[in-house]
Amino acid sequence: MSAPRWMRALARPGARMAAPGEVEARAVILPAGDRRRRPTARIAAARFNEAMACGWLARRENGLVLSADGLAALRAGTRGEDPDPAERHREMEARPVIGANGAVRTVKANRREGALGPWLDGLDPHQRQAGERFLADYHRSTLMSPVTRNWSPTAQRRAEGQRRGPEDAAVSALAAKDRVMDALDALGPTFARVIEAALVHEDSAAALERRFGWAARSGRTVLGLALTRLAEVYRLV
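Cut-offs applied
Each chain carries its own residue numbering, running from 1 in the written order of its sequence. Residue-level local features of this predicted model are given only where pLDDT is at least 70; pairs of side-chain atoms are given and counted only at 80 or more, and the full residue set underlies all totals for whole chains, interfaces and linings. Based on all heavy atoms of the structure, the side-chain values leave hydrogens and waters out of the count. Numbering of helices and strands runs from the N terminus; a helix is a DSSP stretch of H or I covering at least four residues, while a strand is a stretch of E covering at least two. Remark: exposure states derive from per-residue accessible area (1.4 Å probe, protein chains only) relative to the maximum for the residue type, with buried under 20%, exposed over 50%, and partly exposed in between. For this analysis, residues touch if any pair of their heavy atoms sits within 4.5 Å. All accessibility values rest on the Shrake-Rupley procedure with a 1.4 Å probe; residue burial counts only the protein chains present in the view. Any Phe, Tyr or Trp ring, taking Trp's six-membered ring, that has another such ring centre within 6.5 Å forms a pair; planes under 30 degrees apart are called stacked, those over 60 apart edge-to-face, and the others tilted. Each reported salt bridge corresponds to a side-chain nitrogen of Lys or Arg within 4 Å of a carboxyl oxygen of Asp or Glu. Pairing between two strands is assigned when DSSP locates at least 2 bridges connecting them. Side-chain atoms alone can form a polar contact between residues adjacent in sequence; in general such a contact is a pair of N or O atoms within 3.5 Å, and within protein one must be able to donate a hydrogen while the other accepts it. Side-chain atoms within 4.5 Å are what join buried Ala, Val, Leu, Ile, Met, Phe, Trp, Tyr and Cys residues into a set we call a nonpolar core. Each residue carries a pLDDT score, the predictor's confidence in it, ranging from 0 to 100.

*Asks:* Could you give me a rundown of the overall build of the protein chain, with the residues and numbers involved?
*Replies:* Broken down by element type, the protein chain carries 9 helices and 7 strands. Here the protein chain holds 237 residues, and 42% of them are scored as buried. The long-range fraction of contacts in the protein chain, counting pairs at least 24 apart against all pairs at least 6 apart in sequence, stands at 51%. Roughly 13,300 Å² of accessible area belongs to the protein chain as shown, and the carbon and sulfur atoms make up 49% of that amount.

Okay, here's the thing in structure tokens:
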């Protein structure tokens, strides 16, 4: 099989895709991202949603482009192979898991399915490292207990009361929980809420924008700022 026409059109230098509803009811590929010019290809909204679900598209300032996985699928299709989205989106890695007794064991997990998975395309190395470090501590922390911070002036702080958690939790798990809470404290309330929403609650970009009342397509930018600040907290930059 050959690669779809829309993928070949989007792979051309400067080409950008506009999502369904932005220019037409269907998604369109525009030369140089210029919405005044005639589209070089169109795809139905259902096909567009499939491409997004497969991770073949990445958002840039003036539209969508083929992601690294999209380019791989394009090359596979051009060679007459059948691109397998499931295989192409597996990036296996070792991940620590905390058991109910506080014991830590290591399992193989697909990094693309984690909280950072939807954001991987477009993140700078320091942003990715900061997110992975935060998530590593979060997953090691006490039984994945809630970490949402109460920013009320009358809220109790850790130093004001006894630490709460399972009595049999590993010391390393309690230390990881402290690191998570210290990082959120250092971020401040605004960025802490963004990190919690994106990495702990795993909100999508659209959900972030609705939750915080941001402009459309601004979620990825603001999360990037929050991750950069987190990298500064971790002294990665």
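*Asks:* I'd like a rundown of the environment of Ala51, residues and numbers included.
*Replies:* Structurally, Ala51 is set in helix α2 (residues 45–54). If near-sequence neighbours (up to four positions away) are discounted, Ala51 is found in contact with Trp6, Trp56 and Leu57.

*Asks:* Lay out helix α8 (residues 205–212) with the relevant residues and their values.
*Replies:* Think of an α-helix as 3.6 residues a turn; residues three or four steps apart then line up on the same face. Those residues of α8 that sit buried are Ala207, Leu208 and Glu209. Looking at the buried side of α8, the elements it contacts are α7 (189–200) and α9 (219–233). At the exit of α8 stands Gly213, carrying a positive phi of roughly 70°.

*Asks:* Mind laying out the packing of aromatic side chains, listing which residues take part and the relevant values?
*Replies:* For any two aromatic rings, the description comes down to two numbers: the centre-to-centre distance and the angle of the planes. All chains considered together, the criterion is met by 1 aromatic pair. Summarising the aromatic geometry, the rings of Phe212 and Trp214 are spaced 4.8 Å apart at their centres and angled 20° between planes, so their arrangement reads as stacked.

*Asks:* An account of the pattern of salt bridges is needed here, citing residue identities and associated values.
*Replies:* Overall, the coordinates contain 10 salt bridges when judged by the stated rule. Between Arg217 and Glu22 there is a salt bridge, with the nearest N and O atoms lying 3.3 Å from each other. Note that Arg217 is positioned in the loop between α8 and α9 and Glu22 in the loop between β1 (16–18) and β2 (27–30), a separation of 195 residues in sequence. Classification of Arg217 as partly exposed rests on a relative accessible area of 48%. Using a relative accessible area of 26% as the deciding quantity, one classes Glu22 as partly exposed. Across the pair Glu50 and Arg47 runs a salt bridge, and its minimum N-O distance is 3.7 Å. Linking Glu50 with Arg47, this pair stays in helix α2, spanning 3 residues, or about one helical turn.

*Asks:* Help me get a handle on the side chain of Ser141, residues and values and all.
*Replies:* Note on placement: Ser141 falls in the loop between α5 (125–140) and α6 (171–187). Look at Ser141 and you get buried, because its relative accessible area is 1%.

*Asks:* How would you explain the pairing of strand β5 (residues 63–66) if you had to name every residue and give the values?
*Replies:* Alignment of strand β4 (residues 57–60) against β5, held across 4 bridges, turns out to be antiparallel. Note that in β5 the partner of Arg60 across the bridge is Gly63. Hairpin connection between β4 and β5: a loop of 2 residues separates the two successive antiparallel strands.

*Asks:* Describe the side chain of Asp137, listing the residues and the values that go with them.
*Replies:* The residue Asp137 is located in helix α5 in this model. When its relative accessible area of 5% is taken as the criterion, Asp137 is described as buried. In this structure the side chain of Asp137 is engaged in a polar contact, spanning 2.8 Å, whose partner is the side chain of Arg179. In contact with Asp137, other than residues within four places in its own chain, are Ala176, Arg179, Val180 and Tyr234.

*Asks:* Lay out the nonpolar core with the relevant residues and their values.
*Replies:* Ranked by size, the top nonpolar core spans 29 residues in total, and within it Phe134, Leu184, Ile195, Leu199, Leu223, Leu227 and Leu230 carry the most contacts. Secondary-structure elements contributing two or more residues to this core are α5, α6, α7 and α9. Excluding residues within four positions of it along the chain, Ile195 makes contact with Phe134, Leu187, Val200, Leu223, Ala226, Leu227 and Leu230. Residues Met17, Ala27, Phe48 and Leu66 belong to the second largest nonpolar core, which totals 21 residues.

*Asks:* I'd like to hear about the environment of Phe48, residue by residue, with values.
*Replies:* Within the secondary structure, Phe48 is located in helix α2. For the pair formed by Phe48 and Pro20, sequence separation is 28 residues and the distance between their alpha carbons is 7.8 Å. With near-sequence residues (within four places) excluded, Phe48 lies in contact with Met17, Ala19, Pro20, Ala27, Ile43, Leu57 and Leu64.

*Asks:* I'd love a proper account of the confidence of the model for the protein chain, names of residues and values included.
*Replies:* Should pLDDT be low for a region, the predicted coordinates there are not to be read in detail. Mean pLDDT over the protein chain works out to 79, with 74% of the residues at or above the 70 mark. Below pLDDT 50 for its whole length, residues 161–168 participates in 10 contacts with residues either more than four positions away or in separate chains.

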